[in-house]
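So you can see what is in the structure, the chains are spelled out below.
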Amino acid sequence: MGKKDEVSKQFLDALEFRGIKRRDFLKYCGATAALIGLSELYGPKIAAALEKAAKRQPVIWLNFASDSGCTESFIKATYPSPAEVILDILSVDYNETIQAAAGKQAEEILAASRKAGGYILIVEGGVPTKKGHGMIGNKEMLDVLKEMAGPAIAVIAIGSCATDGGVPAAKPNPSQIIGTGEALQRVGISKPLVNMDLCPVNPQYLVGVVVNFLLLGKIPDLDSQGRPKMFYGQTIHDNCERRAHFDAGRFVEKFGSQEEALGYCLYKMGCKGPMTYSACPKIQYNDRTSWCIKAGGPCIGCAERGWTDKFAGFYEPLPGVKIPGLGGVEAGADKLGAIAAVATAAGIAVHAVATAASGRTKGKDGGKK
Amino acid sequence: MKEELVKDWSLGYILDHWIRVVAIAVLVFTGIYIHTPFIAGGPDSTIMASMRFFHFVAAYTVVLGLVVRVYMAFKSTFDADWKDFSIIENLKNVPDVLAYYLFIKGSHKDYRKYNPLQAFAYLFTGIVIIFTAFTGAAIYHGRPFLIFPMESFRWVNNLLGGESYTRIWHILAMWYFIVFLLIHVYLAITVSMINKDRTLTSIFTGYKLKKH
Ligand code: SF4
Ligand code: SF4
């Protein structure tokens, strides 16, 4: 590795000043390399790329319809984490939730960035398409997105709201909220787009994508829904720490029970881990402190497209289905099947009685002509 | 009128039928367990892992059984019956059989092996087996038959609107087999009683009574 791949002492001093030890930072860069599928030897390269980026890669972070939970998940670490610093040093020129600027001043920053172009556009939150349901500085959010996506080099939609509407787009979706991908299509902009479904997004995922971009100059490999394969390639269930309990048939049946205290599998509490693709068990939240299942709650499937509607309710294994012909009446698939089987049995009974009454069984020649 | 025993099913057809029956019974039982585990495991239990294992073994059996059945339909030296499943031919005859089943007519035409409704039911069952195999492969996430790559059936989830819906369809397919079984057994019994031709036992013995 050449000289230019090394991190300058000045940069490391600056980190030290922010409370990050040099060793921790390099270790973190190594772990990030592993995260995006590179050898840990790439650690120093990543550190160098980050240092360079610190000086030039502008980022614009737009907040649309959401509870800003994704922003929260970055800034709520108890001490400044390397991830936080990395995202900090990426000159984030505009982020409504955490920037000091407001009003006219904020608008000016946005206008200047738009003119300069070449930034990474991070979108948090869904885009309301009903007029007047979501405005920033007197502009429809859809128009803000259109304006800002144009000059961007890539768009990263973070969190379920940004990918396809998420919670604010749940039924009946009064503001007709859509995801970034659909919104861009609507305004006729085509840009490299990375989707990261999760509620909130895992900061590590964003770091992984950004580092991948800085190091290799491109967005990572995406799956059929435009999500980085490295984070959305396997199910929660396949990497879950409670999987052994699942295979052994040891399940929590009730919260507050002995089984729950023993940390049994949460499948019967409606865990969506078996049908949710995300690296949550491996990467975890809050600097690898914990994650949903480790904390004792079933996975609610927030990394899946169509969450929440398609994965409701949180403690039910499967959503209800509309019974055809009964206008809006919902039932579980099991109930629906059982109803069909009982109806069949009843039909058979009626037919059997009719057959006996018709005297068919008494005839010699049978039904054939 | 003369009666004689005629071979209606070769050993191949009989085995194919019963292997399918056993496999589907295993699939329904293990499937219900996998969906709603009704037996709790102890410290050294592997119950869920075993249920899943037998579910997969039975699933492969049903899929291979279908392949064998289709092969026999075209290539069986005993009775290649693919022509009996002709959709257009059978559609024409549906009113005839339906009228008989609904007691509008007292008798129906004589069909070679399957009456049109029967042929449709079997054809549809084959399609449901394929559908269940695809949804099952999507839920499985692994490498079906070891020849498909991991996760290669994820598109089924996208098609059906998310994996929760794939699972719902998979469960509804199970109920189709249960409903099919009820009707199938009922009709086999009544037809035997009405025609007195040993239809019911023919799937064990291979022989049916034919009247001339
Ligand atoms: S808790 Fe959920 S993800 Fe973990 S093993 Fe059980 S069902 Fe799978
Ligand atoms: S474990 Fe499930 S509910 Fe929790 S963050 Fe991951 S995908 Fe969402």
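Scroll up for the structure.
This is a predicted model, so every value here is computed, not measured. Per chain, residue numbering runs from 1 following the sequence as it is written. Ligands are numbered from 1 and chains lettered from A, in the order in which they are written. Whole-chain, interface and lining totals are the exception, using all residues; otherwise, since this is a predicted model, local features are given only for residues with pLDDT of at least 70 and side-chain atom pairs are given and counted only at 80 or more. Processing note: side-chain calculations cover all non-hydrogen atoms of the structure and skip hydrogens and water entirely.

Side note on the interface of chain A and chain B
Then, number 1: The contact criterion used is simple: two residues touch if any of their non-hydrogen atoms lie within 4.5 Å. On the side of chain B, 50 residues touch chain A, which itself brings 50 residues to the contact.
Then, number 2: Once two parts are joined, some of their accessible surface, as seen by a 1.4 Å probe, is lost; buried area is that loss totalled over both. Summing the contributions of chain A and of chain B, the shared interface buries around 4400 Å²; its carbon and sulfur component is 57%.
Then, number 3: By convention in these notes, a salt bridge is any Lys or Arg side-chain nitrogen within 4 Å of a carboxyl oxygen on Asp or Glu. For the interface between chain A and chain B, the tally reads one salt bridge.
Then, number 4: A salt bridge links D223 of chain A to R154 of chain B, with the nearest nitrogen and oxygen atoms 3.2 Å apart.
Then, number 5: Any pair of nitrogen or oxygen atoms within 3.5 Å is treated as a polar contact; in protein, a donor-acceptor pairing is required on top of that, and neighbouring residues in sequence qualify only through side-chain atoms on both sides. Connecting chain A to chain B are 24 residue pairs in polar contact (both at pLDDT 80 or more).
Then, number 6: Elements with a minimum of two residues in the side of chain A that touches chain B: α13 (243-247) and α16 (333-358) of chain A.
Then, number 7: Secondary structure elements are taken from DSSP: a helix is a run of H or I of four residues or more, a strand is a run of E of two residues or more, and numbering for both begins at the N terminus. A total of 15 residues in the side of chain A that touches chain B trace back to one element, the largest contributor, which is α16 of chain A.
Then, number 8: For the side of chain A that touches chain B, a count of residues per class yields 21 nonpolar, 15 polar and 14 charged. Gly is put with the polar residues, along with every residue not named as nonpolar or charged; the nonpolar set is Ala, Val, Leu, Ile, Met, Phe, Trp, Tyr, Cys and Pro, and the charged set is Asp, Glu, Lys and Arg.

Some thoughts on the pattern of salt bridges
Pairing of side chains with opposite charge becomes possible as their charged atoms draw close.
Then, number 1: Evaluation of the coordinates by the stated rule reveals 22 salt bridges over all chains.
Then, number 2: We note a salt bridge from K139 of chain A to E147 of chain A, for which the minimum N-O separation is 3.3 Å.
Then, number 3: Between R243 of chain A and D238 of chain A there is a salt bridge; the shortest N-O distance is 3.4 Å.
Then, number 4: For R243 of chain A, a relative accessible area of 16% gives the class buried.
Then, number 5: Partly exposed describes any residue whose relative accessible area lies between the buried limit of under 20% and the exposed limit of over 50%, with all areas from a 1.4 Å probe on protein chains only and scaled to the type maximum. Overall, the relative accessible area of 35% leaves D238 of chain A in the partly exposed class.
Then, number 6: The network of salt bridges with common partners includes D197, D223, R227, E304 and R305 of chain A together with R154 of chain B.

Considering the packing of helix α1 (residues 11-35) of chain B against helix α6 (residues 163-195) of chain B
Residues and elements named next belong to chain B.
Then, number 1: Axes, fitted as lines to C-alpha atoms, cover a helix only where it is in contact. Angles between the N-to-C directions of the axes lie from 0 to 180 degrees. Where α1 meets α6, the axes come as close as 11 Å, and the angle between the chain directions of the two elements is 135 degrees. Between α1 and α6, the crossing angle belongs to the class labelled oblique. As α1 runs across α6, the sense of the crossing is left-handed. Here H17, I24, V28, I32 and H35 of α1 lie close against α6, whose contacting residues are I171, M174, F177, I178 and H184.
Then, number 2: Classifying every residue of the contact of α1 with α6 gives seven nonpolar, three polar and no charged. Oblique is the label for every angle not falling under 35 degrees (roughly parallel), over 145 degrees (roughly antiparallel), or within 65 to 115 degrees (roughly perpendicular). Left-handed describes a crossing whose near helix is turned anticlockwise from the far helix through less than a right angle; right-handed describes the clockwise counterpart.

Read these as layout, nothing more, since geometry by itself doesn't imply function.
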